[in-house]
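Here are the chains, one letter per residue:
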Amino acid sequence: MALSRGLPRELAEAVAGGRVLVVGAGGIGCELLKNLVLTGFSHIDLIDLDTIDVSNLNRQFLFQKKHVGRSKAQVAKESVLQFYPKANIVAYHDSIMNPDYNVEFFRQFILVMNALDNRAARNHVNRMCLAADVPLIESGTAGYLGQVTTIKKGVTECYECHPKPTQRTFPGCTIRNTPSEPIHCIVWAKYLFNQLFGEEDADQEVSPDRADPEAAWEPTEAEARARASNEDGDIKRISTKEWAKSTGYDPVKLFTKVRFTFFIIVGRWMYCCVQSQGEETNAPDQQNEPQLGLKDQQVLDVKSYARLFSKSIETLRVHLAEKGDGAELIWDKDDPSAMDFVTSAANLRMHIFSMNMKSRFDIKSMAGNIIPAIATTNAVIAGLIVLEGLKILSGKIDQCRTIFLNKQPNPRKKLLVPCALDPPNPNCYVCASKPEVTVRLNVHKVTVLTLQDKIVKEKFAMVAPDVQIEDGKGTILISSEEGETEGILHCIHSLPSLRRLIKGRVHISGSIYWYVSSSPPLTPTLQRKGQYCHQGLNESSRELVREEGIEGFLTKVEAGDRFEIRKVRTWIPEAQEQDDVLIVDSDEDSSNNTDVSEEERSRKRKLDEKENLGAKRSRIEQKEELDDVIALD
Amino acid sequence: MVEKEEVGGGISEEEAAQYDRQIRLWGLEAQKRLRASRVLLVGMKGLGAEIAKNLILAGVKGLTMLDREQVSPEDPGAQFLIRTGSVGRNRAEASLERAQNLNPMVDVKVDTEDIERKPESFFTQFDAKVVFCPVKEALEVDWSSEKAKAALKRTTSDYFLLQVLLKFRTDKGRDPSSDTYGEDSELLLQIRNDVLDSLGVSPDLLPEDFVRYCFSEMAPVCAVVGGILAQEIVKALSQRDPPHNNFFFFDGMKGNGIVECLGPK
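The name an unreviewed UniProt entry assigns to chain B is SUMO1 activating enzyme subunit 1, from the organism Cebus imitator. Here is the UniProt Sequence similarities (unreviewed entry) comment for chain B, exactly as written: "Belongs to the ubiquitin-activating E1 family."

Asker: Describe the overall build of chain A, with residues and values.
Answerer: In terms of regular secondary structure, chain A is built from 21 helices and 18 strands. By the burial criterion, 51% of the 633 residues in chain A qualify as buried. Considering only contacts within chain A whose residues lie at least 6 apart along the sequence, 68% involve residues at least 24 apart. When the accessible surface of chain A is summed, it comes to about 29,100 Å², and 48% of that surface belongs to carbon and sulfur atoms.

Asker: Describe the overall build of chain B, and please don't skip the residues or the numbers.
Answerer: The secondary structure content of chain B amounts to 10 helices and 6 strands. Within chain B, contacts between residues separated by at least 24 positions form 59% of all contacts whose residues are at least 6 apart in sequence. Element-wise, carbon and sulfur atoms account for 49% of the exposed surface of chain B, whose accessible area totals about 12,300 Å².

Asker: Describe in detail the state of the cysteines, supporting the description with residues and values.
Answerer: Where two cysteines share a covalent bond between their sulfur atoms, that bond is called a disulfide. All names here are of chain A. Inspection of the entire model under this criterion finds 0 disulfides over all chains. Cysteine C158 remains unbridged, with the sulfur of C428 as its closest cysteine sulfur at 3.7 Å. Here C173 stays free of any disulfide, with the sulfur of C185 as its closest cysteine sulfur at 14 Å.

Asker: Provide a residue-level description of the interface of chain B and chain A, including the pertinent values.
Answerer: Each partner contributes residues to the interface: chain B has 61 residues there, and chain A has 64 residues. Summed over both sides, the interface of chain B with chain A buries roughly 5,500 Å², with 60% coming from carbon and sulfur. Where chain B touches chain A, the interface holds 5 salt bridges. Here E260 of chain B makes a salt bridge to K413 of chain A, at a shortest N to O gap of 2.8 Å.

Asker: So what's going on with the packing of aromatic side chains? Residues and values would help.
Answerer: Note on aromatic pairs: each is described by the distance of the centres and the angle between the planes. Taken as a whole and judged by the stated rule, the model has 14 aromatic pairs over all chains. The interplanar angle of 85° and the centroid separation of 5.8 Å between the aromatic rings of F197 of chain A and F341 of chain A together place this pair among those described as edge-to-face. Taken together, the residues F197 of chain A in helix α7 (residues 182-197) and F341 of chain A in helix α13 (residues 336-352) connect sequence positions 144 residues apart. Judged by relative accessible area, F341 of chain A falls into the buried class, the value being 0%. Note on F122 of chain B and F126 of chain B: the rings are 5.4 Å apart at their centroids and 70° apart in plane angle, and the pair reads as edge-to-face. In this structure, F122 of chain B and F126 of chain B share a single accessibility class: buried. Three or more aromatic residues joined by ring pairs make a cluster, and in this case those are Y92, Y101, F105, F106 and F109 of chain A. Above the plane of the ring of F80 of chain B lies K34 of chain A, whose end atom (NZ or CZ) is 5.1 Å from the centre. Residue placement shows K53 of chain B over the ring face of F61 of chain A; its charged tip is 5.3 Å from the ring centre.

Asker: Run through the pattern of salt bridges, naming residues and quoting values.
Answerer: Under the criterion given, the structure shown has 37 salt bridges over all chains. Among the ionic pairs, K109 of chain B bridges to D107 of chain B, the shortest N-O distance being 3.6 Å. Judged by relative accessible area, which is 38%, K109 of chain B ranks as partly exposed. Ionic pairing is found between K254 of chain B and D251 of chain B, a salt bridge with its closest N-O pair at 3.2 Å. Through salt bridges that share partners, E31 and K34 of chain A together with E50 and K53 of chain B make up one connected network.

Asker: With reference to specific residues and values, describe the environment of E113 of chain B.
Answerer: Residue and element names in this part refer to chain B. Among the structural elements, E113 can be located in the loop between β3 (107-111) and α5 (120-124). Residues E113 and D67, spaced 46 residues apart in sequence, show a C-alpha to C-alpha distance of 6.8 Å. For E113, the contacting residues outside a window of four places in its chain are L66, R68 and K118.

Criteria and cut-off values
- Residues numbered from 1 in each chain as written.
- Chains lettered and ligands numbered in written order.
- Predicted model: local features only at pLDDT ≥ 70, side-chain atom pairs only at ≥ 80, totals over all residues.
- Heavy atoms only, no water.
- UniProt positions renumbered as here; feature names shortened; annotations may be inferred.
- Helix = DSSP H or I, 4+ residues; strand = E, 2+ residues; numbered from the N terminus.
- Buried < 20%, exposed > 50% of the residue type's maximum accessible area, 1.4 Å probe, protein only.
- Contact = heavy atoms within 4.5 Å.
- Areas by Shrake-Rupley, 256 points an atom, 1.4 Å probe, with all protein chains shown as cover.
- Disulfide = S-S within 2.5 Å.
- Buried area = accessible area lost by both parts, 1.4 Å probe.
- Salt bridge = Lys/Arg side-chain N within 4 Å of Asp/Glu carboxyl O.
- Phe/Tyr/Trp six-rings, centres within 6.5 Å; stacked < 30°, edge-to-face > 60°.
- Lys NZ or Arg CZ within 6 Å of the ring centre and 35° of its normal.

In structure tokens form, the structure reads like this:
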């Protein structure tokens, strides 16, 4: 038996002859590319949309300082050719989510390996590999920890078989009114950046929410606000950015206006700080004691941050002006003035809300979602990826495992812990053989645009969906081709017209087939699995719930209302449960609601008491993303 | 190596920018200790290259790559630090340029002598030494006692594989080679029977198919072991976390990475 680099002949031939795809040329990607080449893989496609940054150089060893700014995929390829010129590598400086990389593209490969750092791309590659029926090796690292696993259609779980914990988000009112942790202030500062210099997003409101009962306005503050709004004209009608531009981004004026969003008495003192910044003659950080940590790890005093606030605004103002009319800045943690802005704004807010301020170093971690990373973890994981890949290519997928790299050995002395792969979840809406989802819509309220954006694209993460009505004529409702169905999309009129057309099924295809049905309302039930929400209520109904609680609401609900409320995702940031459900339905016969048992009501009342008040309120305040729309598993 | 100007904290701005992601993991003090350490690495085949890469990227003060062998025709493409066209050159020398390019802030040196000829004073200049040599004493475990027998049941079979390979090396003066695959395989099996027999252990503990994995370094295995080993060195130099106690065995087929505590009783 002849061996090539330790491989039996058949395997060596498969390895040399087949084409493989590596998605990502960063920490894992560089190591993986090297391992593949050294193991005898001769045809490798490598794709990455990113360019090289100096902070990559501690681990992405195919890159040197002189390459900073260049395409990762391209430089990785060049670097490998230096020690193995015969390697046939195709480098793409592009996003894998580009529709050019369709199912046909994926079908070329005998193996796909992810070396990604974000969920959206992972979901996408997962689906493409399922559609093309190509085995996928998924992996990830963070600090000292890492893992590898194999995904093969019909054999193993896919990446989306079980819901992953959603990323930590914060309720609007916590950000706007009642921050209690530094991260709340940091998120606020990022929102403020966007309001002033970037893309204004209605979900990133920074001004306090007056409807929040906890926002106890002092009379003097209220007066001052009223005066300010009179002085500044009708603030509501122009955007924050336009207003800022009109004052030339004057930091004092800006602070004064923004001051009211800071919301506490100390404001006036802040004002004086900013005023006096022109009088400072000393260099900011002239300390005689030697610094213990990095410069960025120092926590400065309030005055310094006030100064930094105004200095960064000026720099950003200039950047924005240079870009021309209608331009926007995109926040980037590696842009010094953008980082200065968030550091100073967040710290000033922390100080006002009586929190200890944080260093630029720490704020950068939180604001930039930085995951610490080292070379060795990536090296180990990338080695495991190739070994798992060899098992697959030998036809021994039964020997594949999910392997975890831990920091310490477990009680069975294992530092690398292999676990058996699970079979697919038969109810997985992504990989099940006949994936089907029922979506109940309030057809009086939901527009086709909402269906496309909020349900199909956002909730189900479909990239370029086509929606067709199964009416025997194949009527197209939504088309992935631009311009084809624009007319329908932008119609404000809701789905009732659609409802006439739907005899039960609408067919949505992207890479997977879905069924959407508008269905009759459920019989009224009050089921509680977790916490409830008011998603799906119209404004007046929400008012009613706010005032009277859910039970009061139910007794007053009007005959003829048809709606369902179902919480689709986790509301409370800390909650681990997914898809907590409360189905509340009212039917024409409102007396049905009295069928709800006393037991149920009292259980629910207990829940109310246990709930975090802020969180509960936040659900009311949170911008409703799916009015009257829910999805069911 | 030019000393960069210190900007707060005792490291330069360039270092702070480059090492940012690892400073966020193990802290500035650990990074400074790494930065003050010199390491000797003996043997620059696949595993050596992995360790060299990992330590250089981590930012040690200096790394000396010592190897007296020359680059063989199989090596290029089996060791990623060696530029093509280097067959016949000393292995450490052929690795120097690409190794240094990994991180210009590290003082990377080459030594082509035989390590056995080095005086003791040579070794004292290093804070850590990575050597691939038989750790015979550590492996001389007496398995005959009752306690040992119980422990044996829980010991990974890789330990015994290691014993077999070491015996082969001692007997033949070289590692198994694919040129002499036939006779070497037979010898390996023979040694397995002898070794396990003398330990009072059943041959089933190390099934026959172990043989075909004895013939070459596999790049992904080098990557895994090199990664674990390099991290142990980083721990030792930075004095931040306790090292594993004391052997690490990796089985690429099963995906097991096991830490065994082995030593003379």
